[in-house]
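# Tertiary structure, described
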Amino acid sequence: MKHVCALCHQEFENAYRMLVCDDCYNRILQNMEKSEPGICPVCGVHSDAILRNPRKKFCGKRCHHIGHAVISRKYRMDHSQRIREMKKTRLEKKKARLRRKRSRIDEIALIGKYMDKSYGITRMLLQQRADQEGISIDIAIAAVRQERGI
Ligand SMILES: [Zn+2]
Ligand SMILES: [Zn+2]
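Residues numbered from 1 in each chain as written. Chains lettered and ligands numbered in written order. Predicted model: local features only at pLDDT ≥ 70, side-chain atom pairs only at ≥ 80, totals over all residues. Heavy atoms only, no water.

## Quick look at the nonpolar core
Worth spelling out the cut-off: Among the buried residues, those of types Ala, Val, Leu, Ile, Met, Phe, Trp, Tyr and Cys that are joined through side-chain atoms within 4.5 Å form a nonpolar core. Between buried and exposed lies partly exposed: a residue is buried under 20% and exposed over 50% of the maximum accessible area for its type, with that area taken using a 1.4 Å probe on protein chains only. Each helix corresponds to a stretch of at least 4 residues labelled H or I by DSSP, and each strand to a stretch of at least 2 residues labelled E; elements are numbered beginning at the N terminus. Whether two residues are in contact is decided by their heavy atoms: any pair within 4.5 Å suffices.
Cys5, Leu7, Val20, Ile28, Val42 and Val70 are the most contacted members of the largest nonpolar core, which totals 17 residues. Put simply, the parts of the chain that give this core at least two residues each are α1 (22-34) and α3 (61-115). The greatest single-element share of this core, amounting to four residues, is contributed by α1. Apart from the residues within four sequence positions on either side, isoleucine 28 is in contact with Leu7, Val20, Pro41, Val42, Ile66 and Val70. Counting residues in each nonpolar core, the second largest holds seven residues, with Ile108, Met115, Leu126 and Val144 among its members.

Dropping the structure here:
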């Protein structure tokens, strides 16, 4: 949907029901970060009202409205990005866990075959060793493989 930017009046593709175009959005964000005293971050006009009142950020109702739309869009974008990243790392962790589990099963089976013992017994022996030496089962597996040259 085409929309006219409330600030620079250029037409833009309005994907987020924004009042302003991306150029203005980015400029307003930058201005808010810099936050020069007495300058409205939306329209760039000098305002005595902002200068006098430290809680006042925008020169008037219109800029207040636009400014808050920018803030909430940024919040939404940051938020959805964080959710995406969290989902991604969770999935990767799960995959790594599965890989580790699968390779551990393979290794225990390999050691069992070598020692001519069942998977269950081998696993139990490895777990015993891990407990005795206070190491993880993965390290116990690696130690046994190294000792026996498996
Ligand atoms: Zn604009
Ligand atoms: Zn303004």
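## Looking at the pattern of salt bridges
Definition in use: Salt bridges are identified by distance alone: a Lys or Arg side-chain nitrogen within 4 Å of an Asp or Glu carboxyl oxygen.
This structure, assessed with the given rule, holds seven salt bridges. Between lysine 74 and aspartate 78 there is a salt bridge whose closest N-O contact spans 2.9 Å. Placement of the pair is lysine 74 and aspartate 78 together in helix α3, with a separation of four residues, close to one helical turn. Exposure remark for aspartate 78: the relative accessible area of 30% places this residue in the partly exposed category. The shortest N-O distance in the salt bridge between arginine 145 and glutamate 107 comes to 2.6 Å. In this pair, arginine 145 sits in helix α5 (residues 137-148) while glutamate 107 sits in helix α3, placing the two residues 38 residues apart along the sequence. In this structure glutamate 107 comes out as partly exposed when scored by relative accessible area, which is 22%. Linked by salt bridges that have partners in common, Arg129, Glu133 and Glu147 make up one network.

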